[in-house]
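Residue strings, one per chain:
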Amino acid sequence: MGLQTKVELQKELNVQIANWSVLYTKLHQHHWYVKGPFFFTLHEKFEELYDEASEAVDEIAERLLAIGGKPVSTLKEFIETSTLQESTEKLTANEMVKSLVEDYSHINTQLKELAAHADELEDVITNDLAVDLIGKIEKHLWMLTAYLSE
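Quantities reported herein were computed from a predicted structural model and do not represent experimental measurements.

Rules and cut-offs
Residues numbered from 1 in each chain as written. Predicted model: local features only at pLDDT ≥ 70, side-chain atom pairs only at ≥ 80, totals over all residues. Heavy atoms only, no water. Helix = DSSP H or I, 4+ residues; strand = E, 2+ residues; numbered from the N terminus. Rg over C-alpha atoms; globule rule 2.2 N^0.38 Å. Buried < 20%, exposed > 50% of the residue type's maximum accessible area, 1.4 Å probe, protein only. Contact = heavy atoms within 4.5 Å. Areas by Shrake-Rupley, 256 points an atom, 1.4 Å probe, with all protein chains shown as cover. Lys, Arg positive; Asp, Glu negative; His and termini not counted. Charge placed at Lys NZ, Arg CZ, Asp CG, Glu CD. Polar contact = N/O pair within 3.5 Å; in protein donor to acceptor, adjacent residues only side chain to side chain. Axes fitted to C-alpha atoms, helices over the stretch in contact; angles between N-to-C directions. Parallel < 35°, antiparallel > 145°, perpendicular 65-115°, else oblique. Left-handed = near helix turned anticlockwise from the far one by under 90°. Nonpolar A, V, L, I, M, F, W, Y, C, P; charged D, E, K, R; others polar. Expected span 1.5 Å × (residues − 1). Phe/Tyr/Trp six-rings, centres within 6.5 Å; stacked < 30°, edge-to-face > 60°.

Participant: Summarise the overall build of the protein chain; cite the residues concerned and give the values.
Facilitator: A tally of regular secondary structure across the protein chain gives five helices and zero strands. Reading the helices (α) and strands (β) of the protein chain from amino to carboxyl end gives α-α-α-α-α. The C-alpha radius of gyration of the protein chain comes to 16 Å, within 12% of the 15 Å expected for a compact globule of 150 residues. Expressed as lengths along the three principal axes of its C-alpha atoms, the size of the protein chain is roughly 55 × 30 × 20 Å. In the protein chain, which comprises 150 residues, the share counted as buried stands at 46%. Contacts spanning at least 24 positions in sequence make up 79% of the contacts within the protein chain whose residues lie at least 6 apart. As displayed, the protein chain offers around 8,500 Å² of accessible surface, 54% of which is attributable to carbon and sulfur atoms. Counting 13 positive and 27 negative side-chain charges, the protein chain places the averaged centre of each group 4 Å from the other.

Right, dumping it as structure tokens:
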């Protein structure tokens, strides 16, 4: 792996760490503030999703360390590096789910780029990590979109 491409791959992994960290915080916020007739369903689902986001952060950071990178690890770095926007307003349950569809779709697009880049570099471990996350996200997108369908 050439130095420039290795640095680019490390940068992409750091964006994923930052995005999943911002998503983790959003999911916690949604978990705490969800209201309405689907409270119990969404409260539980948001917890499941933030637990998964936490695991993703750890897996991505460990992969980045394994290839010689340095994971972003502070709140300031997460906000500066993330391509997701922090949620600062109170949302309805449906708005929360819509925002998650947008965020997961965005992360999914970037993960596909990461997987392709890792494949070009013959980094099968990073490719596998990205593909595994894509599979999880696509299932979440299907379920969250189904929730919004009336």
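Participant: Break down the environment of Arg63 for me, with residues and values.
Facilitator: With respect to the helices and strands, Arg63 occurs in helix α2 (residues 39–66). Classification of Arg63 by relative accessible area gives buried; the value is 16%. Residues Arg63 and Tyr147, spaced 84 residues apart in sequence, show a C-alpha to C-alpha distance of 33 Å. In this structure the side chain of Arg63 is engaged in a polar contact, spanning 2.8 Å, whose partner is the side chain of Thr126.

Participant: Would you mind going over the packing of helix α4 (residues 93–120) against helix α5 (residues 124–148) in detail, with residue names and values included?
Facilitator: Contact geometry for α4 and α5: axes closest at 8 Å, N-to-C directions at 155°. With respect to α5, the element α4 is oriented roughly antiparallel. Here α4 and α5 pass one another in a crossing that is left-handed. Residues of the contact of α4 with α5, tallied by class, amount to 19 nonpolar, seven polar and four charged.

Participant: An account of α2 is needed here, citing residue identities and associated values.
Facilitator: Every α-helix carries 3.6 residues per turn, so stepping three or four residues along brings you back to the same face. With 28 residues, α2 ought to run about 40 Å at 1.5 Å a step, and its terminal C-alpha atoms sit 40 Å apart, in line with that. One or two residues past the end of α2 sits Gly68, with phi positive at roughly 90°.

Participant: Describe the packing of aromatic side chains, and please don't skip the residues or the numbers.
Facilitator: How two aromatic rings sit relative to each other is given by the distance of their centres and the angle of their planes. Taken as a whole and judged by the stated rule, the model has four aromatic pairs. For the pair Phe38 and Tyr147, a centre-to-centre distance of 5.6 Å together with 80° between the ring planes defines the contact as edge-to-face. With Phe38 in the loop between α1 (3–33) and α2 and Tyr147 in helix α5, the pair connects residues that are 109 residues apart, well separated along the chain. We classify Phe38 as partly exposed; its relative accessible area is 45%.

Participant: Could you give an account of the packing of α2 against α5, naming the residues involved and the relevant values?
Facilitator: Where α2 meets α5, the axes come as close as 11 Å, and the angle between the chain directions of the two elements is 165°. By the criterion of interaxial angle, the relationship of α2 to α5 is roughly antiparallel. When you trace α2 past α5, the crossing you get is left-handed. Touching Leu42, Lys45, Leu49, Glu52, Ala56, Glu59, Ile60 and Arg63 of α2 are Ile125, Thr126, Leu129, Leu133, Lys136, His140, Met143 and Tyr147, all from α5. For the contact of α2 with α5, a count of residues per class yields nine nonpolar, two polar and five charged.

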